[in-house]
Amino acid sequence: MDKVRIGVLGAGRGAGLAMAMRFAPSMELAAICDANQERLAQAAAATGVAQTYTTYEAMLDADIDAVLVASPMPLHVAHSIQALQAGKHVLSEVTAATSIEQCWELVEAVKASGRKYMLAENYCYIRPWSIVLGMVRAGLFGELYYGEADQLQELKGALPHPDTGYNWRTAELAMRRGHQYITHNLGPLYWAFGERIQSVACQGSGQHHLEWARADDTCVVLLQTVSGKLIRIRLDFFSDRPMNVTYYGLQGTEAAYEGPRGSKDDHKIFVRGKTPGGEWQSLWDYREFLAEGWKRIPPEMINDNWDGGNALMLEDFARCIIEDTRPPVDVIDAVNLTAPGLLSEISREQGGIPVAVPDFTTGR
Ligand SMILES: NC(=O)c1ccc[n+]([C@@H]2O[C@H](COP(=O)([O-])OP(=O)(O)OC[C@H]3O[C@@H](n4cnc5c(N)ncnc54)[C@H](O)[C@@H]3O)[C@@H](O)[C@H]2O)c1
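Residues numbered from 1 in each chain as written. Predicted model: local features only at pLDDT ≥ 70, side-chain atom pairs only at ≥ 80, totals over all residues. Heavy atoms only, no water.

## Regarding the site of the ligand
Line of reasoning, step 1. By nearness alone, 24 residues border the ligand, and R13, D34, R39, H76 and Y181 come closest of all.
Line of reasoning, step 2. Within the side chain of H76, a nitrogen or oxygen atom sits 2.8 Å from an oxygen atom of the ligand.
Line of reasoning, step 3. For the ligand, whose free accessible area comes to 850 Å², the fraction covered by protein is 81%.
Line of reasoning, step 4. Mapping the ligand onto the cavity grids shows that it belongs to the largest pocket.
Line of reasoning, step 5. Elements that contribute at least two residues to the shell around the ligand include exactly α4 (76–85) and α7 (168–174).
Line of reasoning, step 6. Its residues assigned to classes, the shell around the ligand comprises twelve nonpolar, seven polar and five charged.
Line of reasoning, step 7. Two domains each donate at least three residues to the shell around the ligand, and these are domain 1 (4–122) and domain 2 (124–303 + 337–356). (Near = heavy atom within 4 Å. Polar contact = N/O pair within 3.5 Å; in protein donor to acceptor, adjacent residues only side chain to side chain. Areas by Shrake-Rupley, 256 points an atom, 1.4 Å probe, with all protein chains shown as cover. 1 Å grid on protein atoms, 1.4 Å probe; cavity = no way out; pocket = protein on both sides within 12 Å on 5 of 7 lines; lining within 4 Å. Sits in = over half its atoms within 2 Å of the grid points. Helix = DSSP H or I, 4+ residues; strand = E, 2+ residues; numbered from the N terminus. Nonpolar A, V, L, I, M, F, W, Y, C, P; charged D, E, K, R; others polar. Domains from an automatic or database assignment.)

Given below as structure tokens:
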């Protein structure tokens, strides 16, 4: 096999990723499926895809090797398992699951299937983080011990009142406390630390904008890894303020990184013995650490926001199938990234107590 033929389920976010497949040389967009015919027609026109389907079962019967599951979050596990049982490899949108029980079901189904499963955590691939990771792997940070991230993204307008009918975003993001969308924040830090989270604690600010919502305006999640490294994450889907969804910070014994806090700020790095005068310097001074894959991305596609690395992520998924290697965010990584968010809800509901995160490699 020199190209992976993929079918896309869900023509919202899925259509955006289908467009990025042009820049993933080992992937071929073979089909798109959506029950909404208007959305499906729009995605077909934008991508020029040959086959379209209105039922998932029909697409799973087609000549495809893999499925991109870009359906609503609470359906990811059911749709992933359906694809695995039909013999397809799976690239799943985030988050992997919406309950701990679903996390276990997913791990067991992937094991039983012998197929590849990867979580489409695109924030792991953003361009500035590629430089930071390159520096971490080259030893410039020394030993890492602290990381932080913010997801400040005002979403009130996209969260309809629950009385107006079921909406998955309202159900998961407005009616549940804790950080239900944690993988974007945790994913890049997890790649840098290379170890799972052992415990999670969460406190919230209360809700000041939507009187019917249960979620806090802001919640802060504190995570401890198995070797004791500390991570702080702030989520805010409600406050009126400028958006910032790709803020990360990282501290090691030899270097520190801080992303931009606003539009006039830059990516800043300090490397002991290299950065003059104990000041910050620009991260772009270290662009030689950027991953190779960025060289084939056309300049008009290069950006440093959350969509910036989509093509690299898609290519990584295709290569792990072709070369029969471990997916870069495999099913254990996927649940290691998802479960701390699910358990932050329990911590928040119980006054911020630390909650243990299961080790999904040991079986239940
Ligand atoms: N990684 C990112 O940056 C990013 C950005 C946006 C969304 N997402 C994720 O992508 C997923 C989809 O988000 P969205 O905004 O497109 O949601 P959405 O609700 O707008 O779209 C989901 C689509 O799936 C279709 N669908 C659901 N079940 C189906 C079925 N059984 N058969 C056929 N079609 C079906 C629906 O008709 C709908 O068009 C979510 O899980 C979200 O968390 C990720």
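Structure's up, so let's keep going.
## Here's the deal with the packing of helix α6 (residues 127–137) against helix α8 (residues 183–193)
Line of reasoning, step 1. Contact pair α6 / α8: the axes reach a minimum separation of 9 Å and the direction vectors enclose 20°. Taken together, the axis directions place α6 and α8 in an arrangement best described as roughly parallel. Like other packed secondary-structure pairs, α6 and α8 cross with a definite hand, here right-handed. Touching W129, L133, V136 and R137 of α6 are P188, L189, W191 and A192, all from α8.
Line of reasoning, step 2. Looking at the contact of α6 with α8 residue by residue, the class counts come to seven nonpolar, no polar and one charged. (Axes fitted to C-alpha atoms, helices over the stretch in contact; angles between N-to-C directions. Parallel < 35°, antiparallel > 145°, perpendicular 65-115°, else oblique. Left-handed = near helix turned anticlockwise from the far one by under 90°. Contact = heavy atoms within 4.5 Å.)

## Regarding the sheet that holds strand β11 (residues 244–252)
Line of reasoning, step 1. Read from one edge to the other, the open sheet built from nine strands follows the order β14-β13-β12-β11-β7-β10-β9-β8-β15, with strand pairing classed as mixed. Every other strand in the sheet has two partners, leaving β14 (281–282) and β15 (355–356) as the edge strands with one partner each.
Line of reasoning, step 2. Bridging between strand β7 (residues 144–152) and β11 involves seven bridges; their strand directions are antiparallel. Note on β11: the bridge partner recorded for L144 is G252.
Line of reasoning, step 3. Across the face of the sheet, α6 comes into contact with β7, β11, β12 (255–258) and β13 (268–271) while running at roughly 15° to β11.
Line of reasoning, step 4. On top of the sheet, helix α10 (residues 331–349) reaches β8 (197–204), β9 (218–225) and β15; it is set at about 50° to β8, its chief contact. (Pairing = 2+ DSSP bridges.)

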